[in-house]
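# Structure assessment
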Amino acid sequence: MGLEGMLPHVKPACVCLGSRPREHAWREPEAGRRPASRHRICQPGSGKVGGFQVQGGSSYLPMFSLLQMGWGDLGIYGEPSRETPNLDQMAKEGMLFPNFYTANPLCSPSRAALLTGRLPIRSGFYTTNQHARNGPQKACEVPAPWQAVTLVTLPSEACSMCLQLTSTVAPPAYTPQEIVGGIPDTEHLLPELLKGAGYVTKIVGKWHLGHRPQFHPLKHGFDEWFGSPNCHFGPYDNRDRPNIPVYRDWEMVGRFYEEFPINLKTGEANLTQIYLQEALDFIKKQWAAQRPFFLYWAIDATHAPVYASKPFLDTSQRGRYGDAVREIDDSVGKILSLLQDLRITKSTFVFFTSDNGAALISAPKQGRRLQAQVTQTALEGRLQLQEARGTGLHEEELQSGGSNGPFLCGKQTTFEGGMREPAIAWWPGHIPAGQVSHQLGSLMDLFTTSLSLAGLKPPGDRVIDGLDLLPAMLQGRLMDRPIFYYRGNTLMAVTLGQYKAHFLTWTNSWEEFRQGVDFCPGQNISGVTTHTQEEHTKLPLIFHLGRDPGERYPLSGMALCPELPSGMAKVEGEGLSTGFASSEYLDALRRVTPVVQQHQEAMVPGQPQLNVCNRAVMVSSCYAVRSLWGGNWAPPGCEKLGKCLTPPESVPEKCPWPH
């Protein structure tokens, strides 16, 4: 998803830059310090505060965060249909970041990282139930005519798809509604900090950082909210599981598939238009009152089940996923046009990005009807996809249709396709138009950069992983920094400069893969896209991402040859088996090793939030007291709509995380 920030009449008071164009040594940030940088942005009077002076007006910081949109989904990144004219124009007027990363290949942890400026492992957005796991199994109600079967389990991205299982008992399964944890009270979120500088804050769209009362976004710095605590999975039967509620601030105003319909057969839903109007109204209201504001626009139309409003359906060359992208592009264009009409573009910082790579559950043929059902084959012990009629199902419920460009795999993986994101910065009059920055950027940097724009410092009592990107955007300066790739609480890989080292490779299990769940369709790379967890800690797989962005050709680490070829060096010591490696491999390994060691030695994980599941957790512990956030069964405001549901018995269980 993308981020858009606005700041009226802002200009640097002074910029103090070091003499070197690039920082050459990385040090793991200590608690109370953000990562070392070569610059200081000075505020009047002090000359040392990392921020900008606001001249004669308030500051606006809207953010767009689009769900699982791929690096290759925009025309500016080479998508051949060229159906994103507004985002392409935004890039022409601003700065493109081709090397920008999320902090996790899954929705919830990446959003926690964005709003805290910290790796998800620090805030507890991981599980210790199983090793290197991201996504839970999902379950859904089976629609008519298959009411005799109550539950089915399906791959993560297909959880909205309700298909028949011939077996009468489905294995235990959980939806995101049932996860007990969420964002801890000890974390300081960006909107909370911006409120200290007088900002009015709003989230539009998906929250996804917990749905128990203590996790409500209005308890973590947001003043307003229109959206949902989870994604738009469903429909459910409101007996075994409730349809996800939609909130306006503290109270529910309806549910997905009820007051906010999503037609799974046609893909029609008006949600993006509703979210767009919420953003436009909020901007105009705060501008009229001359109040500084922060808008987080976190829509999910490109997340399965993909949807678009009627004017955009069947208009894309790319099927339904393309329809959703076109509507998002149009919405961004309308928001930027409003800023121009209000004449505050020079006071507005806008950033567009995504929370993880596009989901490539199976071949990207989004939009073509499949009308299939899942049957369990007893002899083979796996799920088979079979053609069938009358179920009203669509291929997009099995797969997304996004593009990750030249990169390997997609969402759920720590290959480039799952972690590298589209990113555009826009700030007319300040960011030079038509620029490309090769700075390694992270979603977490938006936390620190936004605080800097508001004249604020990051919290000094904890490690902040995000950098301030203003030197890169305003001065074209580059900072050496690592990008760490986590899957759950496991460090899978690191990128430093042009080199990426994998310490553990894994896509998903053979069991899932044989059931048709493929996170890397058409991209089988022997020894890389593995279906067992392959450890490479002693001899990492290293790729040069400049020459090999698709991670297909690892540098020579070991060679089974008796003589030392030209350009090869003997590898011994430091826990490595004796063998031969290219000098380039050794140089990259020598750079990466101390950075990783320092990072791991200093890492203090937060309390894991994704271990326990409980269907009853979807309701407040104070079920009868609806002044509290009542979860998804009986949220505040449900009485007014006659939408209060009776929760099931509380049965805490260990969440299964298959991939």
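All values derive from a computational prediction rather than experimental measurement. (Residues numbered from 1 in each chain as written. Predicted model: local features only at pLDDT ≥ 70, side-chain atom pairs only at ≥ 80, totals over all residues. Heavy atoms only, no water.)

## Overview of the sheet that holds strand 26 (residues 499–502)
In any sheet, the strands associate via hydrogen bonds between backbone groups, in a parallel or an antiparallel arrangement. The strand order across the open sheet built from four strands is 24-25-26-29, with neighbouring strands paired in antiparallel fashion. What marks the edges here is a single partner per strand, and that holds for strand 24 (482–487) and strand 29 (541–544). When strand polarity is set aside, the average angle formed by the axes of neighbouring strands in this sheet is 20°. The pairing of strand 24 with strand 25 (residues 490–496) spans six bridges and is antiparallel. By the bridge assignment, proline 482 is partnered in strand 25 with leucine 496. (Pairing = 2+ DSSP bridges. Helix = DSSP H or I, 4+ residues; strand = E, 2+ residues; numbered from the N terminus. Axes fitted to C-alpha atoms, helices over the stretch in contact; angles between N-to-C directions.)

## Some thoughts on the state of the cysteines
Scanning all chains against the criterion turns up three disulfides. The residue that forms a disulfide with cysteine 409 is cysteine 520, at a sulfur-sulfur distance of 2.0 Å. Between cysteine 409 and cysteine 520 the disulfide shows an S-S torsion of about 105°. By sign, it is right-handed. Taken together, the residues span a long stretch of sequence, with cysteine 409 in the loop between strand 18 (382–387) and helix 7 (416–419) and cysteine 520 in the loop between helix 10 (510–514) and strand 28 (534–535) at a distance of 111 residues. Each member of the pair, cysteine 409 as well as cysteine 520, is classed as buried. Each disulfide pairs two cysteine sulfurs, and for cysteine 638 the partner residue is cysteine 644, the sulfurs being separated by 1.9 Å. Negative torsions about the S-S bond denote left-handed disulfides, and the value of about 90° found for cysteine 638 with cysteine 644 makes this one right-handed. Within the protein chain, bonded cysteines paired by disulfides and numbered along the sequence follow the pattern 1-2, 3-6, 4-5. This cysteine, cysteine 107, is not joined by any disulfide, and cysteine 231 carries the nearest cysteine sulfur, 6.4 Å off. (Disulfide = S-S within 2.5 Å. Buried < 20%, exposed > 50% of the residue type's maximum accessible area, 1.4 Å probe, protein only.)

## Considerations on the pairing of strand 16 (residues 350–354)
For a regular strand, side chains alternate in direction, first toward one face of the sheet and then toward the other. Taken across its five residues, strand 16 has five buried, putting it largely inside the fold. Here strand 16 shows a buried face lined by Val350, Phe352 and Ser354 and a second buried face lined by Phe351 and Thr353.

## Some remarks on helix 1 (residues 85–93)
All buried positions along helix 1 are accounted for by Leu87, Asp88, Met90 and Ala91. Summarising the axial view, the buried residues of helix 1 lie within an arc of 155°, below the 170-degree limit, and thus occupy one face. Exposed and facing more than 90 degrees away from the buried side of helix 1 are Pro85 and Lys92. Its buried side turned inward, helix 1 meets strand 7 (95–96), helix 6 (320–341), strand 16 and strand 20 (424–426). (Arc of directions from axis to C-beta. Contact = heavy atoms within 4.5 Å.)

## Section: the environment of leucine 545
For leucine 545, the position within the fold is in the loop between strand 29 and strand 30 (568–573). It is 8.9 Å that separates the C-alpha atoms of leucine 545 and glycine 497, two residues lying 48 residues apart in sequence. Not counting residues within four places of it along the chain, the set of residues in contact with leucine 545 comprises Tyr101, Glu416, Arg420, Thr495, Gln498, Lys500 and Glu551.

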